[in-house]
Amino acid sequence: MCGIVGFTGNHQAAPILLDGLSKLEYRGYDSAGLAVRDGEHLAQVVKAKGRLSNLSEKTDSGKALKGNCGIGHTRWATHGEPSQINAHPHVSGNCERSGSGTVESEVVGVHNGIIENYISLKKKLESKGFEFISETDTEVIAHLFEYYYKGDIMDTMIKVINRVEGSYALGVLCVDYPDQFIAVRKASPMIVGLGDEENFIASDVTAILKHTRDIYYLEDNEIVVLKKDSVKVYNTDKEEVKKEKFTVDWDVSAAEKGGYEHFMMKEIHEQPKAVSDTLNSVVKDGAIDLSEVGLSEEEIKEISQIYIVACGSAYHVGMAAQYVIEDLTRIPVRVELASEFRYRNPILDPEGLVVIVSQSGETADSLAALREAKQRGIRTLGIVNVVGSSIAREADNVFYTLAGPEISVATTKAYSTQLIASYALAVQFGKVREQITEEKYQELIAELKTLPDKITKIIEDDKERIQWFAAKQANARDAFFIGRGIDYAISMEGSLKMKEISYIHSEAYAAGELKHGTISLIEDGILVVGVATQAALFEKTISNMVEVKSRGAYL
Ligand code: BG6
């Protein structure tokens, strides 16, 4: 989960880049680097393993790196161990390396994503005499740029992206362009920030929000050339592209911790508001209004099949939605991991609806799945949090969740709002398709409206009980989450959170399936969380809970 920031303007670049990178620290990283140009000399590159503070120390908080144009990067190792050599930026062309580790170089690049054909490109470049010093896939970009460079930065970038396969957000500084840089993206997020006599790129808007809220979203393979007083976006035919300016409507404080120790804790507490805002965006005068989503009653009636496609927690939303949608609408629902869907040549009913669920709207597999569906002519609906993100822009219809910025990588409030969006769709589809009565419809809407207060009650009233329980179980090595029906779907999310946040091994099981083998893992003291919220399944789930308890589980 790497981060990119780029700046050109009238101020010294390095402190701005360091500050921007610090806003991306939450995404996790193992090393960081900066490249800055002062208008006369080659780009100076400084890198450090470990915390951003190491890089800051090395550069005297950025003050030691003179120059008003530069790019910065935080790296999360994918190819090669975390080290100073493997950290970005990577360099090519004439380089001068000083004993202190600072490098001056003609071509400097930072990259997020994965270059899938880097091994064959590396071989080719090595045969042409290029020397590789890192184990990264990114280094091929710097050398490829140098290899193709004949004086025109645009021509070179076009040649580079024609040769590389995979996903990328790239920022490149080049010898003959001292006060500007060039950037491009494909299936990896990058935005352009538009300031007054200064311009930016960033992999996430939070990195530059302090300086500007006016941004461009780049489409795949749009190339942007940034100077302090101009931003020009081109397609791969070198034609200038007219971009629409978006203004980010949340302010810097929304991306600060606001007194909480962690973003995740803050965002857990923001759930009642996020859920309420999302509900209020579609519940009007006692009815669910999907006009902004853009689905008419006729279109809803024609849907033959729903395919929900997503990754991670968003996939678990799909699992929960499947139970609710099938129950209330009798439309068959299939839920799929986007990383499977995109590669498996799926059979899709032309009258079907593909629903892509994504907080960021940028998750590479989810975006690819959306494109796959669109290519097959199937209607697509995005349930998306980030306004203007790729999935939001490309889907035929969009249901925006109003969770606000979610900084924590592990989703919480966005997950809750995705459930709300799915439930709202299910209730409305059920009503339009005459599968539920007006009375039931009203009852469900009223019940949905009680959720924000219920969530508040759980978070506030049960805080001490939750803390007590967590403290007691913090040393657990294995945990199981069990439930039936929608409780099973919720268990999947509980289990994922347990793994991702506490690093405790955990599994989710459909409670009735446990007996088919896995129960042998339940022994003295193993933590089992039983979820039993469904009246119709309550006794069945309780009997599974009794089974695990009798084998010694801590239930
Ligand atoms: C994962 C996050 O990396 O991405 C999950 O840890 C998230 O919390 C998943 O659900 C999918 O992300 P998105 O942005 O497509 O919802």
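Structure report, in brief.

Conventions adopted
- Residues numbered from 1 in each chain as written.
- Predicted model: local features only at pLDDT ≥ 70, side-chain atom pairs only at ≥ 80, totals over all residues.
- Heavy atoms only, no water.
- Helix = DSSP H or I, 4+ residues; strand = E, 2+ residues; numbered from the N terminus.
- Rg over C-alpha atoms; globule rule 2.2 N^0.38 Å.
- Buried < 20%, exposed > 50% of the residue type's maximum accessible area, 1.4 Å probe, protein only.
- Contact = heavy atoms within 4.5 Å.
- Lys, Arg positive; Asp, Glu negative; His and termini not counted.
- Charge placed at Lys NZ, Arg CZ, Asp CG, Glu CD.
- Pairing = 2+ DSSP bridges.
- Axes fitted to C-alpha atoms, helices over the stretch in contact; angles between N-to-C directions.

## Considering the overall build of the protein chain
- Scanning the protein chain for helices and strands turns up 18 helices and 24 strands.
- The C-alpha radius of gyration computed for the protein chain amounts to 25 Å, which stays within 12% of the reference 24 Å derived for 555 residues, consistent with globular compactness.
- In terms of overall dimensions, the protein chain has a C-alpha envelope of 75 × 55 × 45 Å along the principal axes.
- Buried residues in the protein chain amount to 53% of all 555 residues.
- Long-range pairs, those at least 24 residues apart, make up 68% of the contacts in the protein chain with a sequence separation of at least 6.
- The average position of the 61 basic charges and that of the 82 acidic charges among the side chains of the protein chain differ by 2 Å.

## Quick look at the environment of Cys311
- Here Cys311 is to be found in the loop between β17 (306–310) and α9 (312–329).
- Once the C-alpha coordinates of Cys311 and Glu336 are considered, the two residues, 25 residues apart in sequence, prove to be 8.5 Å apart.
- Discounting residues that sit within four places of it in the chain, Cys311 has contacts with Ala338, Thr363, Asp365 and Ser366.

## Let's talk about the pairing of strand β6 (residues 103–115)
- By the criterion of burial, β6 is predominantly enclosed, with ten of the 13 residues buried.
- As defined by bridge partners, strand β3 (residues 43–49) adjoins β6 across three bridges and the pair is classed as antiparallel. Bridge pairing in β6 links Val45 to Val103.
- Of the pairings in the sheet, the one linking strand β5 (residues 90–97) to β6 comprises six bridges and is antiparallel in character. When the bridges of β6 are listed, Val91 appears paired with Val108.
- As paired elements, β6 and strand β7 (residues 166–174) share nine bridges and run antiparallel to each other. Note on β7: the bridge partner recorded for Ile115 is Gly166.

## Thoughts on the sheet that holds strand β18 (residues 333–337)
- Spatial strand order, β18-β17-β19-β20-β21: five strands in an open sheet with parallel pairing. Looking along the sheet, the strands with just one partner apiece sit at the ends: β18 and β21 (397–400). Each neighbouring strand pair of the sheet contributes to a mean axis angle of 20°, computed without reference to strand direction.
- Relative to strand β19 (residues 353–358), β17 is paired through five bridges, and the arrangement is parallel.

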